[in-house]
Amino acid sequence: MPASSQSPAGPCPPSSATTSANVAPPPPAATPSAPRPPGVPPGARADAPPDAKAPPRPSPAGGRARLEWLDALRGLAAVVVVFEHSLDVLFPEIRAGVSPWFDFGRYGVFVFFIVSGYIVPASLERRGSVREFWIGRMFRLYPLWAVAAVIGVGIGLAKVAWDPPGQLTERPGISALAHLTMLQDLLAVPNAVNVFWTLSYEMVFYLLVTAMFVAGVHRASAATAAAFAVAAAAAGALLPTGLLSSRAPMGTIVVTALVMAVGLVAVMSGRRTARRCGVAILGVLALALVTVNSRVGGVESLAIIATMFAGTGIYRIQHVRNRRWPAVALVALVPVLTVAAGAGLALTERTAAYQATGVWGWPAAVAAAWLTFLAGMALRGRRFPRFLPWLGVISYSIYLLHIPVVQIIWRITDEPEAISAPVRLLWLLVLAAGVLVTSALAYRHVELPMQRMGRRVIRMRRAARTAPAAEAGRPSPATTAGSG
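Computed from a predicted structure; not experimentally measured.

Draft legend 1. Layout of the overall build of the chain. Counting secondary structure elements, the chain contains 19 helices and 2 strands. Out of the 484 residues belonging to the chain, those deemed buried represent 54%. For the chain, the accessible area works out to roughly 20400 Å², and carbon and sulfur atoms hold 68% of it.

Structure below.
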């Protein structure tokens, strides 16, 4: 999952964009004669919020070596998610014996969530432009997502392994609208591909990050993470699930889509009042969906958002020289409180009904995800085997496209218990090869071209905005002719 980043990843992954695409170089300085809205300091984009600071410069370490550890983490997370979804198909014994105590899928997606939190807000701040951030996100996430959705629905309609959810076929229009927002898992709409659920949380995170950036409070990521973690531990188990959708299913989807669109347009406006309204709209929408309309329950929903903001907090701790310890303490609360909240559910036997892996699998997976991220960060100065960072580069494709391959293998093998262990291991190799080939092709022919197109659109937008300023500072032909 990206990656999504995402995402789902996530997940997005969440954000599960390739790291080099997520981290853009600082925008060029504006031409001195260019008009600048009041309150926008030099170094910030003209369409940035009035109190935005100049985007931080990249770390001197720079380059792919500096980010290889993040790709390695995403590669590991992607492999674990694929393994999780292969259990029912090839290794039901592991599902029955291990999964109640360790949820492999949640482990993978929480690694994705931490990485997305670490990377995505830095991308927004380096760009210094909300519009450019969302252009990049759209070209990064939606093209491959659309391909995966078409393939997933097609395989479902063909009944290769299981039928598509009835709501997708009975109300395709409203289901498609929910999916276009990427918030479908928070709108009580079944996912066209089951891994799409993490992208809903990636999208909520993007909305909150955007609102905080425009409001000028984006540096409060550690405090925000701690607040969500406290809410998960203190009140998560008491929050309802699907409250809004249970009362007005279609209305919730339509209103969410409209409110999301209005909010994004408002925060990109050049007017301060409109931006403030947009901040409130996006913040209320995101918080409402996560707190009272989730499918997975309040503890996990709030824990996911806390985890992503904690990733952002870690990034800031690394790049800020003063007043680190308060942020360190706040970020440290997140894994402690989220794991404690999951353990509390386990002890009281109130684990969400959807979670078939058992009561202890979720907190164990979250704890392991945090330990994995911290280990990767501790090893960030070292070289990793090339294969693992490469898996991270194509992790978004792996995350979205492995499910159809799993379904085809399931259709062929049918009853894994009737197959010997060596033969099942061979099928696992076939599964891995199919996923890698499919993902590598998708990355090369879908992800990369769309990322390049997104960067071209951003460059064209910058050029169109700076051209009038350049013309304003250029002497007229008559003045030039008379100067001699």
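Draft legend 2. Just a positive patch on the surface, in detail. A cluster of basic residues, Arg452, Arg455, Arg456 and Arg459, forms a positive patch on the protein surface. Following the sequence through the fold, Arg459 ends up in helix H18 (residues 421–472).

Draft legend 3. Region of interest: helix H15 (residues 361–378). The end-to-end C-alpha distance of H15, which contains 18 residues, comes to 26 Å, matching closely the 26 Å that a straight helix rising 1.5 Å per residue would cover. Listed in full, the buried residues belonging to H15 are Gly361, Trp362, Pro363, Ala365, Val366, Ala368, Ala369, Trp370, Thr372, Phe373, Gly376 and Met377.

Draft legend 4. Region of the structure containing empty space enclosed by the protein. The computed volume of the second largest cavity comes to approximately 50 Å³. In this structure, the second largest cavity is lined by Pro121, Glu125, Val209, Met212, Phe213, His218, Ser221, Phe309, Thr312 and Arg316. Going through the elements one at a time, helix H4 (104–127), helix H8 (197–215) and helix H13 (298–319) are the ones with two or more residues in the lining of the second largest cavity. Split by residue class, the lining of the second largest cavity holds 5 nonpolar, 3 polar and 2 charged.

Draft legend 5. Quick look at the confidence of the model for the chain. Here the chain shows a mean pLDDT of 84. Residues at 70 or above account for 80%. Below pLDDT 50 for its whole length, residues 353–357 participates in 11 contacts with residues either more than four positions away or in separate chains. Ignoring residues within four places in sequence, the model shows residues 478–484, a span with pLDDT below 50, making 1 contact including any to other chains.

Conventions we followed
Residues numbered from 1 in each chain as written. Predicted model: local features only at pLDDT ≥ 70, side-chain atom pairs only at ≥ 80, totals over all residues. Heavy atoms only, no water. Helix = DSSP H or I, 4+ residues; strand = E, 2+ residues; numbered from the N terminus. Buried < 20%, exposed > 50% of the residue type's maximum accessible area, 1.4 Å probe, protein only. Areas by Shrake-Rupley, 256 points an atom, 1.4 Å probe, with all protein chains shown as cover. Patch = residues over 30% accessible without salt bridge, like charges linked within 9 Å, V, L, I, M, F, W, Y side chains within 5 Å. Salt bridge = Lys/Arg side-chain N within 4 Å of Asp/Glu carboxyl O. Lys, Arg positive; Asp, Glu negative; His and termini not counted. Charge placed at Lys NZ, Arg CZ, Asp CG, Glu CD. Expected span 1.5 Å × (residues − 1). 1 Å grid on protein atoms, 1.4 Å probe; cavity = no way out; pocket = protein on both sides within 12 Å on 5 of 7 lines; lining within 4 Å. Points joined across faces, edges and corners; volume = space filled by probe spheres on them. Nonpolar A, V, L, I, M, F, W, Y, C, P; charged D, E, K, R; others polar. pLDDT = per-residue confidence, 0-100. Contact = heavy atoms within 4.5 Å.

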